[in-house]
Amino acid sequence: MWSLPAAFPLPLLLLMLGQILPSRPQSLSTMKLRLVGPGSRPEEGRLEVLHQGQWGTVCDDDFALQEATVACRQLGFEAALTWAHSAKYGSGEGPIWLDNVHCVGTESSLDQCRSNGWGVSDCSHSEDVGVVCHPQRQRGYLSERVSNALGPQGRRLEEVRLKPILASAKRQSLVTEGAVEVKYEGHWRQVCDQGWTRNNSRVVCGMLGFPSEAPVVSHYYRKVWNSKMKDPKSRLKSLTKKNSFWIHRVNCLGTEPHMANCQVQVAPAQGKLRPACPGGMHAVVSCVAGPRFRPLKAKPGRKESWAEQETRVRLRSGAQVGEGRVEVLMNRQWGTVCDHGWNLISASVVCRQLGFGSAREALFGAQLGQALGPIHLSEVHCGGYERTLSDCPSLEGSQNGCQHDNDAAVRCNIPNLGFQDQVRLAGGRSPEEGVVEVQVDVNGVQRWGAVCSDHWGLNEAMVACRQLGLGFANHAVKDTWYWQGTPGAGEVVMSGVHCSGTELALQQCQRHGPVHCSHGAGHFSAGVSCTDSAADLVLNAQLVQETAYLEDRPLSQLYCAHEENCLSQSADRMDWPYGHRRLLRFSSQIHNLGRADFRPKTGRHSWIWHQCHRHYHSIEVFTHYDLLTLNGSKVAEGHKASFCLEDTNCPKGMQRRYACANFGEQGVTVGCWDTYRHDIDCQWVDITDVGPGDYIFQVVVNPKLEVAESDFSNNVMRCRCKYDGQRVWLHDCHTGDSYRANTELSLEQERLRNNLI
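About the thresholds
- Residues numbered from 1 in each chain as written.
- Predicted model: local features only at pLDDT ≥ 70, side-chain atom pairs only at ≥ 80, totals over all residues.
- Heavy atoms only, no water.
- UniProt positions renumbered as here; feature names shortened; annotations may be inferred.
- Helix = DSSP H or I, 4+ residues; strand = E, 2+ residues; numbered from the N terminus.
- Buried < 20%, exposed > 50% of the residue type's maximum accessible area, 1.4 Å probe, protein only.
- Contact = heavy atoms within 4.5 Å.
- Pairing = 2+ DSSP bridges.
- Axes fitted to C-alpha atoms, helices over the stretch in contact; angles between N-to-C directions.
- 1 Å grid on protein atoms, 1.4 Å probe; cavity = no way out; pocket = protein on both sides within 12 Å on 5 of 7 lines; lining within 4 Å.
- Points joined across faces, edges and corners; volume = space filled by probe spheres on them.
- Nonpolar A, V, L, I, M, F, W, Y, C, P; charged D, E, K, R; others polar.
- Core = buried A, V, L, I, M, F, W, Y, C linked by side-chain atoms within 4.5 Å.
- Salt bridge = Lys/Arg side-chain N within 4 Å of Asp/Glu carboxyl O.
- Patch = residues over 30% accessible without salt bridge, like charges linked within 9 Å, V, L, I, M, F, W, Y side chains within 5 Å.
- Areas by Shrake-Rupley, 256 points an atom, 1.4 Å probe, with all protein chains shown as cover.
- Lys, Arg positive; Asp, Glu negative; His and termini not counted.
- Charge placed at Lys NZ, Arg CZ, Asp CG, Glu CD.
- Phe/Tyr/Trp six-rings, centres within 6.5 Å; stacked < 30°, edge-to-face > 60°.
- Lys NZ or Arg CZ within 6 Å of the ring centre and 35° of its normal.
- pLDDT = per-residue confidence, 0-100.
- Expected span 1.5 Å × (residues − 1).

For the protein, an unreviewed UniProt entry supplies the name Lysyl oxidase homolog 4 and the organism Balaenoptera musculus. Its UniProt record gives the protein a comment under Sequence similarities (unreviewed entry), which states: "Belongs to the lysyl oxidase family." A UniProt comment under Function (unreviewed entry) is attached to the protein, and it reads "Catalyzes the oxidative deamination of lysine and hydroxylysine residues in collagen and elastin, resulting in the formation of covalent cross-linkages, and the stabilization of collagen and elastin fibers."

Turning our eyes to something else, we now look at the overall build of the protein. The helix and strand inventory of the protein stands at 12 helices and 41 strands. Residues classed as buried in the protein amount to 52% of the 757 residues present. Counting contacts in the protein only where the partners sit at least 6 residues apart, residues at least 24 apart contribute 72% of the total.

Let us now look at the sheet that holds strand 31 (residues 580-585). A sheet is described by the order of its strands in space; here three strands give the open sequence 30-31-38, paired in antiparallel fashion. Two strands bound the open sheet, and with one partner strand each, they are strand 30 (549-554) and strand 38 (684-686). Each neighbouring strand pair of the sheet contributes to a mean axis angle of 35 degrees, computed without reference to strand direction. In the sheet, strand 31 pairs with strand 38 via three bridges, with the strands oriented antiparallel. What sits directly across from L584, in strand 38, is V685.

If you walk across this open sheet you meet the five strands as 36-35-39-40-41, and the pairing is antiparallel. Edge positions in the open sheet fall to strand 36 (634-638) and strand 41 (728-735), since each of these has one partner strand only. Put simply, the sheet's adjacent strands are angled 20 degrees from each other on average, direction ignored.

Right, let's talk about unusual backbone geometry for a bit. With omega at 0 degrees, the peptide bond leading from W576 into P577 counts as cis. Summarising the element assignment, P577 is placed in the loop between helix 11 (559-563) and strand 31. A positive phi angle is found at S86, which is not glycine, with a value near 55 degrees. Tracing the chain through its elements places S86 in the loop between strand 4 (80-84) and strand 5 (96-98). Residue S86 is classed as partly exposed on the basis of its relative accessible area, which comes to 45%. For N443, which is not glycine, the phi dihedral falls at a positive 55 degrees.

Turning next to empty space enclosed by the protein. A full pass over the atoms with the stated rule returns three cavities of 30 Å³ or more. Roughly 40 Å³ of internal volume is contained in the largest cavity. In this structure, the largest cavity is lined by I165, Y221, V224, W225, K228, L236 and H282. Broken down by element, the residue count for the lining of the largest cavity peaks at four residues, all from helix 5 (residues 218-230). Across the lining of the largest cavity, the residue classes break down as five nonpolar, one polar and one charged.

All right, on to the nonpolar core then. A general tendency of soluble globular proteins is for nonpolar side chains to be buried together. In terms of nonpolar packing, the biggest core is built from 56 residues, with M259, W342 and L389 touching the most fellow members. Per-element tally for this core: the top contributor is helix 8 (residues 344-353), with five residues. Contact partners of W342, with chain neighbours within four places excluded, come to R137, E144, V326, V337, A347, V350, A362, L363, F364, L389, A408 and A409. Core analysis: the second largest hydrophobic core is formed by 33 residues, A535, A541, I687 and C733 among them.

Evaluation of the coordinates by the stated rule reveals 26 salt bridges. A salt bridge links E48 to R46; the nearest nitrogen and oxygen atoms lie 3.0 Å apart. For the pair E48 and R46, one class covers both residues: buried. Ionic pairing is found between E637 and K634, a salt bridge with its closest N-O pair at 3.2 Å. Note on K634: relative accessible area 49%, which makes it partly exposed.

Before going further, it helps to spend a moment on a positive patch on the surface. A surface patch of like charges, here positive, comprises K163, K170, K228, R235 and K242. By secondary structure assignment, the location of K163 is in strand 8 (residues 157-163).

What follows deals with the pairing of strand 15 (residues 284-288). Among the five residues that make up strand 15, four are buried, leaving the element largely enclosed by the rest of the structure. In this sheet, strand 15 lies alongside strand 9 (residues 177-184) in antiparallel orientation, the contact comprising three bridges. What sits directly across from E177, in strand 15, is S286.

Let us now look at the packing of aromatic side chains. This model, assessed by the stated rule, comprises 11 aromatic pairs. Measuring from centroid to centroid gives 6.4 Å for Y220 and Y221, while their planes differ by 85 degrees, and the two rings are edge-to-face. Judged by its relative accessible area of 4%, Y221 falls in the buried class. Ring pairing ties together the aromatic residues W225, F245 and W246, which thus form one cluster. Lying across the ring of W188, R161 places its NZ or CZ 3.9 Å from the centre.

It is worth spelling out the confidence of the model for the protein at this point. With 87% of its residues at a pLDDT of at least 70, the protein reaches an overall mean of 84. Per-residue pLDDT stays below 50 along residues 1-30; that stretch engages in 26 contacts with residues further than four places along the chain or on separate chains. pLDDT under 50 marks residues 741-757. Its contacts with residues more than four places away, or in other chains, come to 14 contacts.

Turning our eyes to something else, we now look at helix 4 (residues 198-207). Most of helix 4 sits out of view: eight of its 10 residues are buried. Inspection of helix 4 places N200, S201, R202, V203, V204, C205, G206 and M207 among the buried residues, and these make up the whole buried set.

The next subject is helix 5. Here helix 5 is 13 residues long and its end C-alpha atoms lie 18 Å apart, about the 18 Å a rise of 1.5 Å per residue gives. Residues of helix 5 that are buried in the fold lie against strand 9, helix 6 (235-239), strand 12 (246-247) and strand 15.

See the structure below:
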């Protein structure tokens, strides 16, 4: 123990202690970590830290499990499994930023631990430390995003664009070829072509929403460049002499989701006096658009058709084109991908496979909804150059205990076609609602106007909200008298709009040539209300198959059902109460797998009291039950007039919110399900008049699309049905999108053959 004179100055004491005690780095609220190394997985690698715009390593002196735990948590993983010393994941480059790091283990980030200070180290790169994290992501770690990553000198390298040079490229609505321009510190710069590679072009194209790059006829562009450099009046010639016009050098591997992740050198290393691009010209890139964004006359650029690749992977339940839950086709059945090990590189492989650009976000924890079927893949580890997701190393989804709350999703970069500038909302109480106004060509002049609400429905509203970038449609509004449109834009310029629901813009939907609107403009123009989340109802097909049976039910027990029109018309001609009806009964369990509660379209004032069932019915048509011939003709149907919506059951730990009793609120909570048991009234199809044979049993949920859902493709369930006159068998029950397209096609062909015979 040592002491100081009483008169020892306090400032000098603090200065001495600062030299003796380990210091904390500056606050790392902006600090970024990454794991890198040859062949390393996302959860393991050499630990690197970003400081002053430059990545550097961490020395292994005193580094142990508690330090590794803090680093892994900061990276979004649950915990650390171990650490590695002596540059196991290869020697890094650049500075060794941290040495003698000491953590307690409870810190939330590495900046809260002690160390020697920034760049204070006696280590060499042979002592670079590595860490191995648990592959499970933290519950609150929802996605890996391409943020505007810090570039050189801590500045932001924001975005890229292509400036068309050739006259033919300037005439195209979608620019796929031109000089690369980078927005750096808020100003656009061009990139020097010296050292430019196809890998760089691949990254640029991916950011712009294109899956691949193409060779450029560089000698032609050089000829154009030289002619401008010889022109004394050329503005370009004077600009190129300024280093602020250039990005000096870019070096990408080709797998990066953003140029900010590449090695970018803005200015020459020797200083500002040296020219940034001596003897060079601007880098030119040519991108290949995916099939969805190509002109119809364009030919595919690859030997294998994009359609074949697309059928192996798909996105579901996304609000925008190029986003959704990732599903893959294996063993003729669609299934999901577990988020264990899911990252931007693997997500980018999916995006490019589907004809989009690189991924801008890899989402974990079923952020875009859950599925009901199998989980096919887990621990997917792509290198970035794979043609399809199936080319990447992975495990079977069942091997590590994945559940559907681990379903992985993705948001891809897509080309900017300018559609968002051709639609707007007016008069609403919030930016998410209002009268729909579109910009169209009227006699060669671009004009804004209203959309006729004749036949305006949820599919059309979905396209409008997607075009606006506002998510899903919550309501398709036909009567907009309470919303004031933009002055001068009240005339109807679009009518007869009919969308399939997958279009990028209303301008791509079918519509009238000459405008024809039965009620004119004004109070009856089309409107929408948009939302960023929606419900997604899916019927449990397996339960239908397991619970189906026949019952001959006496008429004396069917008065209530007859009153609600749940029997076939021939029941009206029977001698009541004598006789019986043959009923195909089954249980239905309808899950809400979306991200919003499923609520009735109408308010309580419109609900109908049913004396037989002693509760209010909130939605008139919730499901259709049909028995079809193999060629699709209907032979029997379930007349379920209206339904009561409630949470029959919810997962453990989740509270039921909706119940029919006592005039309670009705709906189906996210994650819960509404069950209609086989033994309740009207839960059947009356097949009394149906003869023996092979049929298709079909259930359609939300058949009139009255309530918004994130995915309508899974609302239909079909089973093969065999009836011998006394017994019934249901088999091969599946939702409409659970098998590959070819399977559904073969079923359709069989119907057609049967019809011809």
